[in-house]
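What follows is the residue order along each chain.
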Amino acid sequence: MAAAVLLVAVAVAGYFLLPLHRLGPERPVLSWSLFCTTLGMIGALILRQIREVLLDRPGTRPGILLPLLVCVSVLVFAGAYYVLARRPGEITGIRTRLDALYFTLVTLATIGYGDITPQGQSARGVTVVQILYNFVFLTAAATALSRRVRRAVETRHGSREDS
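This is a predicted model, so every value here is computed, not measured.

Visitor: What am I meant to see in helix α2 (residues 28–54) here?
Guide: Its 27 residues give α2 an end-to-end C-alpha distance of 38 Å, which sits within 8% of 39 Å, the value for a rise of 1.5 Å per residue. Every buried residue of α2 is listed here: S31, F35, L39, I42, G43, I46, Q49, I50, E52 and V53. Remark: D56 follows α2 within two positions and exhibits a positive phi of approximately 55°.

Visitor: I'm lost on the nonpolar core in this one. Help?
Guide: General note: in soluble globular proteins, nonpolar side chains tend to be found buried as a group. Counting residues in each nonpolar core, the largest one holds 37 residues, and the members touching the most others are I46, Y81, I91, I94 and Y133. Counting only elements with at least two residues in this core, the list comes to α1 (2–17), α2, α3 (62–84), α4 (97–108) and α5 (121–162). Top element by residues in this core is α3. It accounts for 13 residues. If we skip the residues at most four places from it in the chain, Y133 touches L39, I42, G43, I46, S73, F77 and L138.

Visitor: What is the right way to look at the UniProt feature "transmembrane region" (unreviewed entry) in the chain in this model?
Guide: Taking the UniProt record as the reference, the feature "transmembrane region" (unreviewed entry) is found at residues 29–50, 62–84 and 128–146. Measuring from the first to the last C-alpha atom of residues 29–50 gives 31 Å, for a span that is 100% helix and 0% strand. Secondary structure content for residues 128–146 is 100% helix and 0% strand, and the end C-alpha separation is 26 Å.

Visitor: Can you walk me through the UniProt feature "domain: Potassium channel" (unreviewed entry) in the chain in this structure?
Guide: Feature annotation in UniProt places "domain: Potassium channel" (unreviewed entry) on residues 70–150, given in this structure's numbering. In the segment residues 70–150, helix accounts for 70% and strand for 5%; the C-alpha atoms at its two ends are 20 Å apart.

Visitor: Any chance you could explain a nonpolar patch on the surface here in plain terms?
Guide: A contiguous nonpolar surface patch, about 340 Å² in accessible area, is contributed by F16, L17 and L98. As for its placement among the helices and strands, L17 is situated in helix α1. Look at L17 and you get exposed, because its relative accessible area is 70%.

Visitor: How should the environment of G125 be read in this particular structure?
Guide: Along the chain, G125 turns up in helix α5. The partly exposed category is assigned to G125, whose relative accessible area is 30%. Placed 27 residues apart in sequence, G125 and L98 show a C-alpha to C-alpha distance of 21 Å.

Visitor: Explain the packing of α1 against α4 here, please?
Guide: Helix-helix packing is characterised by the crossing angle of the two axes and by the distance between the axes. The geometry of α1 relative to α4 is characterised by a closest axis approach of 10 Å and an angle of 125° between their N-to-C directions. What the angle tells us is that α1 and α4 run oblique. Viewed along their axes, α1 and α4 form a crossing whose handedness is right-handed. Side by side, α1 and α4 meet where Y15, F16 and L17 of the first sit next to R97, L98, A100 and L101 of the second. Considering only residue class, the contact of α1 with α4 consists of six nonpolar, no polar and one charged.

Conventions adopted
- Residues numbered from 1 in each chain as written.
- Predicted model: local features only at pLDDT ≥ 70, side-chain atom pairs only at ≥ 80, totals over all residues.
- Heavy atoms only, no water.
- Helix = DSSP H or I, 4+ residues; strand = E, 2+ residues; numbered from the N terminus.
- Expected span 1.5 Å × (residues − 1).
- Buried < 20%, exposed > 50% of the residue type's maximum accessible area, 1.4 Å probe, protein only.
- Core = buried A, V, L, I, M, F, W, Y, C linked by side-chain atoms within 4.5 Å.
- Contact = heavy atoms within 4.5 Å.
- UniProt positions renumbered as here; feature names shortened; annotations may be inferred.
- Patch = residues over 30% accessible without salt bridge, like charges linked within 9 Å, V, L, I, M, F, W, Y side chains within 5 Å.
- Areas by Shrake-Rupley, 256 points an atom, 1.4 Å probe, with all protein chains shown as cover.
- Salt bridge = Lys/Arg side-chain N within 4 Å of Asp/Glu carboxyl O.
- Axes fitted to C-alpha atoms, helices over the stretch in contact; angles between N-to-C directions.
- Parallel < 35°, antiparallel > 145°, perpendicular 65-115°, else oblique.
- Left-handed = near helix turned anticlockwise from the far one by under 90°.
- Nonpolar A, V, L, I, M, F, W, Y, C, P; charged D, E, K, R; others polar.

Below you can see the structure in the form of structure tokens.
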């Protein structure tokens, strides 16, 4: 558990320290390639962990890796919004990385306060991708993780009744 918290802290620190100002309108091919590749890799890792949970392979640690992958995917979307906000007319209300992280979490939680709004086509596209990504990957990850926890509780409870 301590390792997972440390890894999440490192990921968050990385988000705030990465030179995201080098991405954006000046380098659109690099920016979009990096965004798509990173999301694809995270999605593949999430699917792999889900498969491990569903196959009930011994020795897998989805309780550590799945939350970390979810956190990193949130940070990737936050980085994308931060970079997109540098382009006039894309997103109103994002001025800092914390604003971008806030908008990502508000979108993830389907709250939608309305203080930050994607207006440009690219920003709306990334928001649609995030919503679909949340629905497919993050929901599946949460379901697999809760299934694993339920089985562990049932196994412990069953072995207590047997003794």
